[in-house]
Amino acid sequence: MLIYVAEKNEIHPSAIKLLKDNGHRLLFSLKNENYKNIEVIFIRTYTKLDKKLLNSFVNLKYILRAGAGIDNIDIQEVQRRNIKIITSPGSNANSVAEFVVGIMIFLIKNINEQSARLHKGEWRDKSLMGDDLNGKVLGLVGCGAVGKLLVKKLHGFEVNFLGYDPYLDDVTLKDFGIEKVSLQNLLKKSDIISLHLPLTPETANMFALKEFKKMKKNVIFINTSRGKLVNDKDLIYALNKKIIAKAAVDVFESEPIINKKFLSVKNLFLTPHIAAFTTNSNLEMSLRAAQNFISSL
Ligand SMILES: NC(=O)c1ccc[n+]([C@@H]2O[C@H](COP(=O)([O-])OP(=O)(O)OC[C@H]3O[C@@H](n4cnc5c(N)ncnc54)[C@H](O)[C@@H]3O)[C@@H](O)[C@H]2O)c1
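Residues numbered from 1 in each chain as written. Predicted model: local features only at pLDDT ≥ 70, side-chain atom pairs only at ≥ 80, totals over all residues.

**Q** Got a minute to help me understand the domain arrangement of the protein in this structure?
**A** It is common to give the size of an interface as the accessible area that goes away when the parts come together. In terms of domains, the protein is made up of domain 1 (2-91 + 279-296) and domain 2 (93-270). Relative to domain 2, the C-alpha centre of domain 1 lies at a distance of 31 Å. At the junction of the two partners, domain 1 supplies six residues and domain 2 supplies six residues. (Domains from an automatic or database assignment. Contact = placed C-beta atoms within 7 Å.)

**Q** Would you take a moment to explain the sheet that holds strand 2 (residues 25-27) for this structure?
**A** Paired through backbone hydrogen bonds, the strands of a sheet run either parallel or antiparallel to each other. The strand order 2-1-3-4-5 describes an open sheet built from five strands, whose pairing is parallel. Because the sheet does not close on itself, it has two edges, and the strands there are strand 2 and strand 5 (84-86). Here the strands of the sheet are splayed against their neighbours by 25° on average, with no regard to which way each runs. Two elements, strand 4 (residues 62-65) and strand 5, share three bridges in a ladder whose sense is parallel. Residue pairing in the sheet places Tyr 62 in a bridge with Lys 84 of strand 5. The strands touched by helix 11 (residues 279-296) are strand 4 and strand 5; relative to strand 4, the strand with the most contacts, the crossing angle is about 150°. (Pairing = 2+ DSSP bridges. Helix = DSSP H or I, 4+ residues; strand = E, 2+ residues; numbered from the N terminus. Axes fitted to C-alpha atoms, helices over the stretch in contact; angles between N-to-C directions.)

**Q** Got a minute to help me understand helix 11 in this structure?
**A** Residues three or four positions apart in an α-helix share a direction because the helix packs 3.6 residues into each turn. Over its 18 residues, helix 11 runs 26 Å from end to end, which matches the ideal 26 Å to within 8%, given 1.5 Å per residue. Within helix 11, the full set of buried residues consists of Ser 281, Asn 282, Glu 284, Met 285, Ser 286, Leu 287, Arg 288, Ala 289, Ala 290 and Phe 293. On its buried face, helix 11 is in contact with helix 1 (13-21), strand 4, strand 5 and helix 4 (93-108). (Expected span 1.5 Å × (residues − 1). Buried ≥ 20, exposed ≤ 12 C-beta atoms within 10 Å, placed from the backbone.)

**Q** It is not clear to me how the site of the ligand should be interpreted in this structure. Could you clarify?
**A** The ligand sits among 33 residues. The nearest are Gly 142, Gly 144, Val 146, Tyr 167 and Ala 275. Mapped by element, the contributors of at least two residues to the shell around the ligand are helix 4 and helix 6 (145-154). If you count residues domain by domain, the shell around the ligand takes at least three from each of domain 1 (2-91 + 279-296) and domain 2 (93-270). (Near = placed C-beta within 6 Å.)

**Q** What exactly am I supposed to notice about the sheet that holds strand 6 (residues 137-141) here?
**A** On the basis of which strands lie adjacent, the open sheet formed by seven strands has the order 8-7-6-9-10-11-12 and parallel pairing. Every other strand in the sheet has two partners, leaving strand 8 (178-180) and strand 12 (268-270) as the edge strands with one partner each. Within the sheet, the average angular offset between the axes of one strand and its neighbour, ignoring direction, is 20°. Strand direction decides the pairing type here: strand 6 and strand 9 (residues 192-195), joined by four bridges, are parallel. By the bridge assignment for strand 9, Leu 140 is matched with Ser 194. Relative to strand 6, helix 6 is tilted by about 160°, and along the sheet it contacts strand 6, strand 7 (160-164) and strand 8.

**Q** Explain the packing of helix 4 against helix 6 to me, please; I cannot follow it from the model alone.
**A** When two helices pack together, their arrangement is given by the angle between the helix axes and by the axis-to-axis distance. Between helix 4 and helix 6, whose axes approach to 8 Å, the crossing angle comes to 50°. In terms of orientation, helix 4 lies oblique with respect to helix 6. Judged by the twist between their axes, the crossing of helix 4 over helix 6 is right-handed. Packed against helix 4, whose contacting residues are Ala 93, Asn 94, Val 96, Ala 97, Glu 98, Val 100 and Val 101, the element helix 6 presents Ala 145, Val 146, Leu 149, Leu 150, Lys 153 and Leu 154 at the interface. When grouped by side-chain class, the residues that make up the contact of helix 4 with helix 6 number ten nonpolar, one polar and two charged. (Parallel < 35°, antiparallel > 145°, perpendicular 65-115°, else oblique. Left-handed = near helix turned anticlockwise from the far one by under 90°. Nonpolar A, V, L, I, M, F, W, Y, C, P; charged D, E, K, R; others polar.)

Structure, rendered in structure tokens:
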């Protein structure tokens, strides 16, 4: 098949090699006359396959997405045209789970603030005394590949897990050591809340001021899923007014140019969409998408 690799620098060379070895022809840039011949497009996060762009690929049969989220694809249009989407579910879950463990420890112990003080020549500050994860309640919103792996990695820390995931039953969650609760209970009881759910019409803007007001005052709120799950303005307000204690945000409504108002919020820890930005994930996401495509043919 003729495959257009839309995000050449983001797709691992071993996936490119695998596709070539299996007889597929690959293009890395497009001239006008090529659009109509493309049968497969290989993307990662930053290609927005909206209706207009999809319409230029009149013979498109497959979309390969290195990774799990498909919120950058116009699903209605894809379904209407019967285009198949092949992803690599779970391929970056380990990286994200490890990242969240790191962020939780970093924030609960105020490592960044204490380090910043010492860089200014000031010794530790008692008002910044940290805490332990041991005995804390972690609320997981979304208990799929990342949520479950995070729980597995944290068992040694003796953390208690609450989960809100309307698509998983309580028995499945219990098997992973997670107590299934309503969203309201999760917001009320968690010391740390971490989002691990997809961006869909149902989940967009799911976290706004109303939700932040229901959380514990000293909660740590972590979003490594998608920026649009959270109302930026309300998160900034909740942090500035100390309605919630701290947050860590890895994903933004617009990337790479993010809402500038985030930059001056002191109790907000920002990272540039790096939860799965690791050598291992980079390989796994691309390679598994290519393998899944080949085995689907
Ligand atoms: N920051 C990054 O680099 C990075 C990397 C990988 C994934 N992600 C994001 O993390 C998300 C989770 O990844 P995953 O691999 O665990 O996905 P997954 O599909 O395995 O799990 C998602 C879970 O969310 C649940 N869910 C769906 N709608 C929900 C709702 N309304 N409320 C609560 N739960 C709901 C699903 O039932 C599922 O169990 C992805 O959708 C993606 O947006 C970000």
